[in-house]
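As a plain string of letters, each chain reads:
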Amino acid sequence: MASLKDLRNRITSVTSTQKITKAMQMVAAAKLRRAQEAAEAGRPYAVRMDSVLANLGAKVTDMAGASPILVGTGKEDTHLLVVATADRGLCGGFNSNIARLARDHARRLIADGKSVKFLCVGRKGYDVLKREFESAIVDTISLKEVKQIGYENALEIGTRILAMFDEGAFDICTLYFAEFKSVMEQKTTAMQLIPAKLPESENREADTETLGPVAAYEYEPEEDEILNDLLPRNVSTQIYRALLENGASEQGARMSAMDSATRNAGEMIDSLTLIYNRQRQAQITKELIEIISGAEAL
Amino acid sequence: MADTFKFELVSPEKLLISADVRQVLVPGSEGDFTVLPNHAPVLSTLKPGLLDVIDEDGAESRIFVRGGIAEVDPLSLTVLAQQAIDLDELDKSWLAQEIANTEEDIADAKDEDRRTTAQNMLEQLKLVKSVAEAL
């Protein structure tokens, strides 16, 4: 049985842990709001990019000689898995969920006889994946120093991936990240970057009817040139979107993880205090019995 | 005929401008063009350069944009720019750095195509610099 002093020490230590988790939860809540705002602000660009691409894609897809970013290399032997995770832990299952999705996918690909390469964005994904795929990891990009993820960060990663693609280092590129649904729910998602899946313009027939002039766009330069200019940009845009979603998801996951940690600490303090009081009373009773029996013996 | 149209400037980070304007000069990759209300629908890529915007009240503002596309239809103009900086806020030393980088790109260019692209970029940047210095 732990002594009273031991119990007192444990209660103190759990209390200070609870203070830390509580503080982390509040920090995450503040950061979450900022991350959500950033994700929201980035939406108009992505939406318009999508609509332009859909517009162009409807015209160009049949054309021979379209960029390999769109039509692929014609092979699917080598896969590049870009795994976007956080740089910090203590956010529940966030990092491990993303890494697990990528890992399961990689195992399946390897079982099918394909070769697999990894590009980790964020330390935590690397930490999980290196156990099994150390030799397949091309590089790890850490965004720890970056306070607010900017488009430049996404551009850097995008340029890197495209350079690898130009060298023929892979055929298919898939990005893994967590989509932000709500504070409680983050959906781990695999998104194929290369070959690009062009967004379908919604209800295209209605489009041509109501927006007649759309078909009459003049293109400067030619459609396929614009498309070839836009596709690499779109890769970076998609990465940027994924990083923003990921940022919001991370803070959401951390917030709920820290919330339950704070609650658990509270429960622990309660039960420890109960044991402590019970023991203190037992000790007092024992001491009384000793005094009384001592007095009776006289 | 309406004398203004809707102009939107969007960067990946956020929607920068959404306003009614009279006229916008767009640095298209095949040549600069001015957008007025009821312009024919055009989709054009951009070269690095200055957007020259004249708003409802006739006030003029210039914005440095780089990389992107402009989508024009009779009622609106949407510019998707990879980077957009108001000319007043444009940092001269940053611009100088960019010019130096581009010069390096020209020196490192592996093929003729890339050299030409970088060369064009450099000329544009120098142009922007001269405008910025004239302010």
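Since we're looking at a predicted model, the values are computed, not measured.

Things to note about the pairing of strand β6 (residues 60-73) of chain B
Residues and elements named next belong to chain B.
Turning to step 1, where the next piece is worked out: Here β6 lies mainly inside the structure; 10 of its 14 residues are buried.
Turning to step 2, where the next piece is worked out: Relative to β6, strand β5 (residues 49-55) runs antiparallel, the two sharing 6 bridges. Looking at the pairing, L51 lines up with I63 of β6.
Turning to step 3, where the next piece is worked out: Between β5 and β6, which pair antiparallel and follow one another directly, the connecting turn spans 4 residues, one of which, G58, has a positive phi of 85°.

Side note on the pattern of salt bridges
Turning to step 1, where the next piece is worked out: A full pass over the atoms with the stated rule returns 13 salt bridges over all chains.
Turning to step 2, where the next piece is worked out: Taking the shortest distance from any N to any O, the salt bridge between A:R263 and A:D259 comes out at 3.6 Å. Residue A:R263 and its partner A:D259 are both found in helix α8 (residues 223-297); the two are separated by 4 residues, about one turn of the helix.
Turning to step 3, where the next piece is worked out: Note that B:R66 and B:E98 form a salt bridge whose closest N and O atoms lie 2.8 Å from each other. With B:R66 in strand β6 and B:E98 in helix α1 (residues 92-108), the pair connects residues that are 32 residues apart, well separated along the chain. The burial state of B:R66 is the same as that of B:E98; both residues are buried.
Turning to step 4, where the next piece is worked out: Each of A:D104, A:R107 and A:E132 takes part in a single network of salt bridges with overlapping partners.

Description of the nonpolar core
Residue and element names in this part refer to chain A.
Turning to step 1, where the next piece is worked out: Judged by nonpolar contacts, the single largest core of 50 residues is most densely connected at I161, F170, L193, I194, I239 and L243.
Turning to step 2, where the next piece is worked out: If you tally residues by element for this core, the top one is α8, at 10 residues.
Turning to step 3, where the next piece is worked out: Core analysis: the next-biggest nonpolar cluster, separate from the first, contains 20 residues, V83, A106, L109 and I137 among them.

Examining a negative patch on the surface
Turning to step 1, where the next piece is worked out: A cluster of acidic residues, B:D3, B:D20, B:E56 and B:D57, forms a negative patch on the protein surface.
Turning to step 2, where the next piece is worked out: Within the element layout of this structure, B:D57 appears in the loop between β5 and β6.

A closer look at the interface of chain B and chain A
Turning to step 1, where the next piece is worked out: With 26 residues of chain B in contact, the opposing surface of chain A contributes 25 residues.
Turning to step 2, where the next piece is worked out: The interface formed by chain B and chain A holds 1 salt bridge in total.
Turning to step 3, where the next piece is worked out: Across the pair B:E8 and A:R48 runs a salt bridge, and its minimum N-O distance is 2.4 Å.
Turning to step 4, where the next piece is worked out: Our count for the chain B to chain A interface comes out at 6 residue pairs in polar contact (both at pLDDT 80 or more).
Turning to step 5, where the next piece is worked out: Broken down by secondary-structure element, the contributors of at least two residues to the side of chain B that touches chain A are β1 (5-10), β3 (31-35), β4 (42-45), β6 and β7 (76-86) of chain B.
Turning to step 6, where the next piece is worked out: Ranked by residues supplied to the side of chain B that touches chain A, first place goes to β6(B) with 6 residues.

Describing the domain arrangement of chain B
All names here are of chain B.
Turning to step 1, where the next piece is worked out: The domain architecture assigned to chain B consists of domain 1 (5-87) and domain 2 (90-134).
Turning to step 2, where the next piece is worked out: Between the C-alpha centres of domain 1 and domain 2 there is a distance of 22 Å.
Turning to step 3, where the next piece is worked out: The interface of domain 1 with domain 2 comprises 11 residues on the first partner and 9 residues on the second.
Turning to step 4, where the next piece is worked out: Together, the buried faces of domain 1 and domain 2 total about 900 Å²; carbon and sulfur atoms form 72% of this surface.
Turning to step 5, where the next piece is worked out: The tally of links from domain 1 across to domain 2 stands at 1 salt bridge.
Turning to step 6, where the next piece is worked out: Viewed at the interface, domain 2 and domain 1 are joined by 1 residue pair in polar contact (both at pLDDT 80 or more).
Turning to step 7, where the next piece is worked out: Counting only elements with at least two residues in the side of domain 1 that touches domain 2, the list comes to β5, β6 and β7.
Turning to step 8, where the next piece is worked out: In terms of residue class, the side of domain 1 that touches domain 2 is built from 5 nonpolar, 2 polar and 4 charged.

Criteria and thresholds
Residues numbered from 1 in each chain as written. Chains lettered and ligands numbered in written order. Predicted model: local features only at pLDDT ≥ 70, side-chain atom pairs only at ≥ 80, totals over all residues. Heavy atoms only, no water. Buried < 20%, exposed > 50% of the residue type's maximum accessible area, 1.4 Å probe, protein only. Helix = DSSP H or I, 4+ residues; strand = E, 2+ residues; numbered from the N terminus. Pairing = 2+ DSSP bridges. Salt bridge = Lys/Arg side-chain N within 4 Å of Asp/Glu carboxyl O. Core = buried A, V, L, I, M, F, W, Y, C linked by side-chain atoms within 4.5 Å. Patch = residues over 30% accessible without salt bridge, like charges linked within 9 Å, V, L, I, M, F, W, Y side chains within 5 Å. Areas by Shrake-Rupley, 256 points an atom, 1.4 Å probe, with all protein chains shown as cover. Lys, Arg positive; Asp, Glu negative; His and termini not counted. Charge placed at Lys NZ, Arg CZ, Asp CG, Glu CD. Contact = heavy atoms within 4.5 Å. Polar contact = N/O pair within 3.5 Å; in protein donor to acceptor, adjacent residues only side chain to side chain. Domains from an automatic or database assignment. Buried area = accessible area lost by both parts, 1.4 Å probe. Nonpolar A, V, L, I, M, F, W, Y, C, P; charged D, E, K, R; others polar.

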